[in-house]
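These are the residues of each chain, in order.
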Amino acid sequence: MERPGRLLLQSELRVRNAAYDVSLSRSLLIWKRRTSSPVYHPFRPSVCHSVPVSEIISVREEEEENGSRQRDDGSWKKIREREGKDCRQAFTVLYVERCRQHRWRCAEVTFTCSDEAVCQHWVSSIREQLATSRPKHLLVYINPYGGKRQGKRIYEQKVAPLFTQAGISTSVIVTEYANHARDHLKMEAELKKFDGVVCVGGDGMFSEIIHGLIWRTQIDCGVDPNSPEEALSPCSLRIGIIPAGSTDCICFASVGTNDPVTSALHIIVGDSQPLDVCSVHHNNMFLRYSVSLLGYGFYGDVLSDSERKRWMGPARYDFSGLKMFLTHHYYEGTVSYLPAKGIIGTPRDATRCRSGCVICQHNGQLNSERSEKYEMDEASDSESSGEWRTIRGKFLAINAASMSCACPRSPKGLSPAAHLADGTTDLILVRKCSRFNFLRHLLRHTSKDDQFDLTFIEVHRVRRFRFMPRHCQSDSDLELDLHENSKRQIFSQICKDHPACGCAPAYSSWNCDGEILTHTGIDVRVHGQLIKLFARGIEELPVFEDLSNPCAI
């Protein structure tokens, strides 16, 4: 528990007609019930509550005509009947209360003052402490079609009232077509008027936001996004995510839950969590940005097949996953990667990325210093120093996880030790093996066993990597092959070791955060801490257990 530091204000106030000593510092708001004589109440415990000032949502003065807005618990009725005091001599503090499974909710406590001057002094003092890095004006994009088509309802019923209570003004745009938000951010949005951008939707909507915002930032800074050698400029605006999609992988990795109220409260209190972004290029042509998963082979095939079965709804992923598992395609190619040197942490250690992650701070600072050095030396990367490593083979899957990719279906994710902002991605190579062994690998995503403790799997923490399929001759040939492969039947592969006979597809496709890339030969570079989210990372569970319950008053 953080120490209060120098007191800014201290008074005797009343809560539900009980006397409390209330104090305010720059870091904490504390209220402690005054104990009566031990002769009359020898076993009554002392009740003390504290709330970090950074987690106070808002404070408001109570007026008589606002009585209908109070909680229907009879507290105001008792105050007026017993003491007959003016309601303007009371104020209510709304604050964050932690619940199970990393969820937050809005709680409140009402203090009654001795006179109106004291009340106004308390309100003004708390508001002064809240006037820090919190957003005041937000640009909100709502995807009404994502997930279960509940985005608009979720925002209007659960999020907008909280923003209003916190005094946040919003400009809301309901998207009408695919990439509406991306195009608006690229060309039309007046970003200087806002303190942040909020998307209401799933991971696809978030992808639209980062593509528009990153592209706009690079153009404004004079950086060429099509060059894989360019160091991208970080975005100044923070991004908030109100989950309303099918998977909400980003929310699970950065907050720990996909609860809309929790995400809204992180936005209100002005949390900031840096996030790495991977740029994906093909022959000096920009393709996409990725923040979670790049998957070739199994995960690319699952996405490609499921896109042709959208009529099945979310069940299409299970069906396509089973189908691709039984088909058991492998793909030949060459992977080259630039290992992350000088960092702390490995893909197989027990350290998890949590709030205030030391690994992200250390490695992020290291990458920042390295970038400055490269700029001074006029070298964008250490490609000429012989640090690149090359692996050739037959792969069932090639995955690059920039975060754990945890979700309800896979609580640990594809790479449990991956970090949000350490400037690296975990390159996971699954070599050709039997169906039984591949099933063992998939099942470990849902267990506590080491996912990489298998002979046919290797994992590397890298800053950059490239992939080239073995039979790739030209882009036109590749696109034709991808089109033809999409027409193959489920058990068309009979001859496993002879691609030349045409029974096995020569190419898969890349799954880039749930979108299919049109090219297979790609160059991927990690840009450390390129964007910032309204989040603070997943908090450790002991934090919840040690905190007292502020609502027990």
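Basis of the calculations
- Residues numbered from 1 in each chain as written.
- Predicted model: local features only at pLDDT ≥ 70, side-chain atom pairs only at ≥ 80, totals over all residues.
- Heavy atoms only, no water.
- Helix = DSSP H or I, 4+ residues; strand = E, 2+ residues; numbered from the N terminus.
- Buried < 20%, exposed > 50% of the residue type's maximum accessible area, 1.4 Å probe, protein only.
- Contact = heavy atoms within 4.5 Å.
- Arc of directions from axis to C-beta.
- Pairing = 2+ DSSP bridges.
- Salt bridge = Lys/Arg side-chain N within 4 Å of Asp/Glu carboxyl O.
- Phe/Tyr/Trp six-rings, centres within 6.5 Å; stacked < 30°, edge-to-face > 60°.
- Lys NZ or Arg CZ within 6 Å of the ring centre and 35° of its normal.
- Core = buried A, V, L, I, M, F, W, Y, C linked by side-chain atoms within 4.5 Å.
- Domains from an automatic or database assignment.
- Axes fitted to C-alpha atoms, helices over the stretch in contact; angles between N-to-C directions.
- Parallel < 35°, antiparallel > 145°, perpendicular 65-115°, else oblique.
- Left-handed = near helix turned anticlockwise from the far one by under 90°.
- Nonpolar A, V, L, I, M, F, W, Y, C, P; charged D, E, K, R; others polar.

An unreviewed UniProt entry annotates the protein chain as DAGKc domain-containing protein of Astatotilapia calliptera.

Undergrad: I tried to follow the overall build of the protein chain on my own but got confused; where do I start?
TA: Within the protein chain one finds 13 helices and 21 strands. When each of the 553 residues of the protein chain is scored for burial, the buried share is 54%. For the protein chain, contacts bridging at least 24 residues in sequence account for 76% of all contacts bridging at least 6.

Undergrad: How do you make sense of the side chain of H460 when you look at a structure like this?
TA: Within the element layout of this structure, H460 appears in strand β18 (residues 457-469). Contact partners of H460, with chain neighbours within four places excluded, come to Y337, P347, I391, T425, D426 and L427.

Undergrad: I would appreciate a short explanation of helix α4 (residues 180-187) in the present structure.
TA: Among all positions of α4, only H180, A181, H184 and L185 are buried. Buried residues in α4, looked at end-on, bunch into an arc of 125°, giving them a common side. Along its buried surface, α4 packs onto β8 (137-142), β9 (169-174), β10 (196-201) and α5 (203-220).

Undergrad: What exactly am I supposed to notice about the pairing of strand β16 (residues 389-401) here?
TA: A regular strand carries its side chains on alternate faces of the sheet. Examined bridge by bridge, strand β14 (residues 293-297) and β16 share five bridges and lie antiparallel to one another. Within the sheet, the bridge partner assigned to L294 lies in β16 and is A400. Note that strand β15 (residues 331-339) and β16 share seven bridges and pair antiparallel. Among the inter-strand pairings, G333 is bridged to a residue of β16, identified as G393. Two strands pair when backbone bridges link them, and β16 and strand β17 (residues 425-431) are joined in this way by six bridges, in the antiparallel orientation. By the bridge assignment for β17, A397 is matched with V430.

Undergrad: Hey, could you run me through the pattern of salt bridges in this one?
TA: A side chain of one charge can pair with a side chain of the opposite charge when the charged atoms of the two come close. Enumeration over the complete set of coordinates arrives at 25 salt bridges. For the salt bridge of R34 with D21, the shortest nitrogen-to-oxygen distance reads 2.8 Å. In this pair, R34 sits in the loop between β3 (28-33) and β4 (48-52) while D21 sits in strand β2 (residues 18-25), placing the two residues 13 residues apart along the sequence. For the salt bridge of R308 with D305, the shortest nitrogen-to-oxygen distance reads 3.2 Å. Judged by relative accessible area, which is 43%, R308 ranks as partly exposed. Here the residues in one salt-bridge network are E55, R98, D271, R536 and E539, joined through shared partners.

Undergrad: Teacher, can you tell me more about the packing of aromatic side chains here?
TA: One pair of aromatic rings is described through two measures. These are the centre distance and the angle between the planes. In the structure shown here, the tally under the stated rule is 15 aromatic pairs. Taking the centre distance of 4.5 Å and the plane angle of 50° together, the rings of F286 and Y289 count as tilted. Both residues of the pair, F286 and Y289, count as buried. Judged by centre distance (4.7 Å) and plane angle (50°), the ring pair of Y296 and F467 falls under tilted. Of this pair, Y296 sits in strand β14 while F467 sits in strand β18, and the two are 171 residues apart along the sequence. Take Y296 and F467: they sit in the same class, and that class is buried. These aromatic residues form a ring-pair network of at least three members: W31, F91, Y95, F111 and W122. The residue whose ring lies beneath K186 is W215, and the NZ or CZ to ring-centre distance is 4.6 Å. For R466, the ring lying beneath its charged end belongs to W388, and the centroid distance is 4.4 Å.

Undergrad: I'm lost on unusual backbone geometry in this one. Help?
TA: Backbone phi values are negative for most residues with the exception of glycine, while trans is the configuration of most peptide bonds. Residue N283 is not a glycine yet carries a positive backbone phi of 50°. Here N283 is to be found in the loop between β12 (273-282) and β13 (285-290). Phi is positive for D513, close to 55°, though the residue is something other than glycine. Inspection of the secondary structure puts D513 in the loop between β19 (510-512) and β20 (515-516). The buried category is assigned to D513, whose relative accessible area is 14%.

Undergrad: Just checking my understanding: could you explain the nonpolar core for this structure?
TA: Nonpolar side chains in soluble globular proteins tend to be buried together. Counting 65 residues, the largest nonpolar core has Y141, F206, I214, F298 and I531 as the members making the most contacts within it. Structurally, this core is a two-domain feature, drawing no fewer than three residues from each of domain 2 (133-271) and domain 3 (290-375 + 389-488 + 497-523). With residues near it in sequence (within four places) discarded, I214 still touches L232, C235, V277, Y289, L530 and I531.

Undergrad: Quick question: what am I supposed to make of the packing of α4 against α5 here?
TA: Each pair of packed helices can be described by the angle between their axes along with the distance between the axes. Contact geometry of α4 with α5 gives a least axis separation of 8 Å together with a crossing angle of 15°. Taken together, α4 and α5 sit at an angle that is classed as roughly parallel. Relative to α5, the crossing made by α4 is right-handed. Listed contacts from α5 to H180, A181, R182, L185, K186 and M187 of α4 are M205, E208, I209, H211, G212, L213, W215 and R216. In terms of residue class, the contact of α4 with α5 is built from seven nonpolar, three polar and four charged.

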